Amino acid sequence: EDEGRGRFEVVVQESPGRKRILLKHALEAYPARASDLPSLALAWSPDGRYLAVPLFQQTLGVAIIRADNGRILKAVEDAYFPSWSPDGTKLAFVRGTDFATLLYLDTNFGAPRVLADIGKTNQAPVWFKQSILVVARRPGGPGGNAPVRRSELLRVPIDGSKVEAIPLVDT
């Protein structure tokens, strides 16, 4: 941009010779979390109508945009690792850092619903039937409060029932 400022764009490559800019905005200053951008994920809805993209700002966030015109339908602050349900009616995402929380919202884009505290994760959740699977590292010492962490595969039902934790071997 002019005066040495940066710009964030979401571009869809429709064919080898044709691309479309869905979202573009200039950055006033280099965001503190900009180094996180390469590791963040975006997610297309299964029907191709929506795209969940990372927000490029001081805090992490996810914007849900319409793929046909780039209009922002919902911005969710402090969110990352979006994952659409197979039927495209729900978007799961993670919020927080060391003690992250798994949430989801419906395509009416109202308030997100909290599903579970999951610990720390480094990848987007995966939908499985009426549950969401996520690999997380959580406190694992005696009494659950020691600084030791263990990896688990968490099966989080979206109906709010009990979370199932399957311990994984740390290497």
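First, a word on what this report is: a plain description of the structure on this page. All values derive from a computational prediction rather than experimental measurement. (Residues numbered from 1 in each chain as written. Predicted model: local features only at pLDDT ≥ 70, side-chain atom pairs only at ≥ 80, totals over all residues. Heavy atoms only, no water.)

## Re the overall build of the protein
- For the protein, the helix and strand inventory stands at zero helices and 14 strands.
- Its helices and strands in sequence order give the protein the pattern β-β-β-β-β-β-β-β-β-β-β-β-β-β, from N to C terminus.
- Taken over 171 residues, the protein has a buried fraction of 40%. (Helix = DSSP H or I, 4+ residues; strand = E, 2+ residues; numbered from the N terminus. Buried < 20%, exposed > 50% of the residue type's maximum accessible area, 1.4 Å probe, protein only.)

## Concerning the environment of Ala79
- Tracing the backbone shows Ala79 in the loop between strand 6 (72–77) and strand 7 (80–84).
- The spatial distance from the C-alpha of Ala79 to the C-alpha of Gly96 is 7.4 Å, given a sequence separation of 17 residues.
- If we ignore the near neighbours within four places in the chain, the residues touching Ala79 are Leu60, Gly61, Val62, Phe93 and Val94. (Contact = heavy atoms within 4.5 Å.)

## Quick notes on the environment of Val94
- By the element assignment, Val94 lies in strand 8 (residues 90–95).
- Judged by its relative accessible area of 0%, Val94 falls in the buried class.
- Expressed as a C-alpha distance, the spacing of Val94 and Asn122, which sit 28 residues apart in the sequence, is 9.9 Å.
- When near neighbours in sequence (up to four residues on either side) are disregarded, Val94 contacts Asp78, Ala79, Tyr80, Phe81, Ala100, Thr101, Leu102, Ile118, Thr121 and Pro125.

## Notes on the pattern of salt bridges
- Summed over the entire model, instances satisfying the criterion amount to four salt bridges.
- Residue Glu14 pairs with Arg20 through a salt bridge whose shortest N-O separation is 2.5 Å.
- A salt bridge links Glu164 to Arg155; the shortest N-O distance between them is 3.9 Å.
- Look at Glu164 and you get partly exposed, because its relative accessible area is 39%.
- Each of Glu14, Arg18 and Arg20 takes part in one network of salt bridges that share partners. (Salt bridge = Lys/Arg side-chain N within 4 Å of Asp/Glu carboxyl O.)

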